[in-house]
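Residues per chain are reported as follows:
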Amino acid sequence: MKRRPGRAAVVLAVVVAVTTAVFAGVFATRLSQGSQLSDSPLVGAPSPVMTLPLLDGSGETEIPDPAAQVTVINFFASWCLECRVEHPDLLAVAEAFLDSGVRLVQISYQDRPEDSIAFLNELGISPLVRYASDPDSRAAIAFGVFGIPETYFIGPDGVVTGRIIGPSDSLSLGRQIDLILGSGRPE
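Residues numbered from 1 in each chain as written. Predicted model: local features only at pLDDT ≥ 70, side-chain atom pairs only at ≥ 80, totals over all residues. Heavy atoms only, no water.

Structural notes on the pairing of strand β2 (residues 60-63)
The side chains of a regular strand alternate between the sheet's two faces. This is how the line gets drawn: For every residue, the accessible area (1.4 Å probe, protein chains only) is compared with the maximum for its type, and the residue is labelled buried under 20%, exposed over 50%, or partly exposed between those bounds. Only DSSP runs of H or I covering at least 4 residues are called helices, and only runs of E covering at least 2 are called strands; the numbering of each starts at the N terminus. Should DSSP find at least two bridges between two strands, the strands are regarded as paired.
The side-chain alternation of β2 yields one buried face, formed by Thr61 and Ile63, and one unburied face, formed by Glu60 and Glu62. Counting the residues between successive antiparallel strands, the hairpin from strand β1 (residues 50-53) to β2 contains six residues, one of them, Gly57, with a positive phi of roughly 80°.

Some remarks on the pattern of salt bridges
For side chains bearing opposite charge, pairing can occur when the charged atoms are close. Our working definition: Basic side-chain nitrogens of Lys or Arg form a salt bridge, by our definition, when they fall within 4 Å of a carboxyl oxygen of Asp or Glu.
Throughout the structure, instances matching the rule amount to five salt bridges. For Glu122, the salt bridge goes to Arg84, with nearest N and O atoms at 3.0 Å. Here Glu122, found in helix α3 (residues 113-123), pairs with Arg84, found in helix α2 (residues 81-96); they are 38 residues apart in sequence, far enough to count as distant. For Arg112, the salt bridge goes to Glu114, with nearest N and O atoms at 3.4 Å. For Arg112, a relative accessible area of 49% gives the class partly exposed. Each of Arg112, Glu114 and Asp115 takes part in salt bridges that share partners, so that together they form one network.

Quick notes on the nonpolar core
For the record, the criterion: The term nonpolar core refers to a set of buried residues drawn from Ala, Val, Leu, Ile, Met, Phe, Trp, Tyr and Cys, joined through side-chain atoms within 4.5 Å. Note on contacts: a residue pair qualifies if any of its non-hydrogen atoms lie within 4.5 Å across the two residues.
Formed by 41 residues in total, the largest nonpolar core has its most connected members in Ile63, Ile73, Phe75, Ile107, Phe143, Val145 and Ile148. Setting aside residues up to four positions removed in sequence, Ile63 forms contacts with Ser47, Pro48, Val49, Met50, Leu52, Ile73, Val105, Ile107, Phe143 and Ile154.

As structure tokens, this is what we get:
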């Protein structure tokens, strides 16, 4: 005579199956959302103002760029896999907004300068992008970087208008830049 599972075992199996399905759905939804603006205490506040050394030691760059209509700050590192994914999109956006007063600054985050330079040499360097180092992580601290990649948008008035956590893509970056150029504030 076969023994049938008890009512408690059946209920437990159903609960486990439903919980697994819910977690899988949430996880899949999060992955499919792509890059999006994320909350930050800096949004709506004046940007941190600082001067950072260029990664190759050839000079400095100002944050925000006083000559730019929009300054886009991107924190990256050679050890960051998602930074590899977004890098071509960052270069494409720098090229697409060449004549719009947009300045892209990529800041090396907790990485050795030689590793960051090797990363950039491998994936591509644009003369339209400023590549900065972040001694003592002072820029990362000032911007409240939680993890990388992270991208910040600074409008013409020096106010932080948005932040993207995770890898960005050219469509999301372009949409936010267009909104800032058009109205001063992203969606």
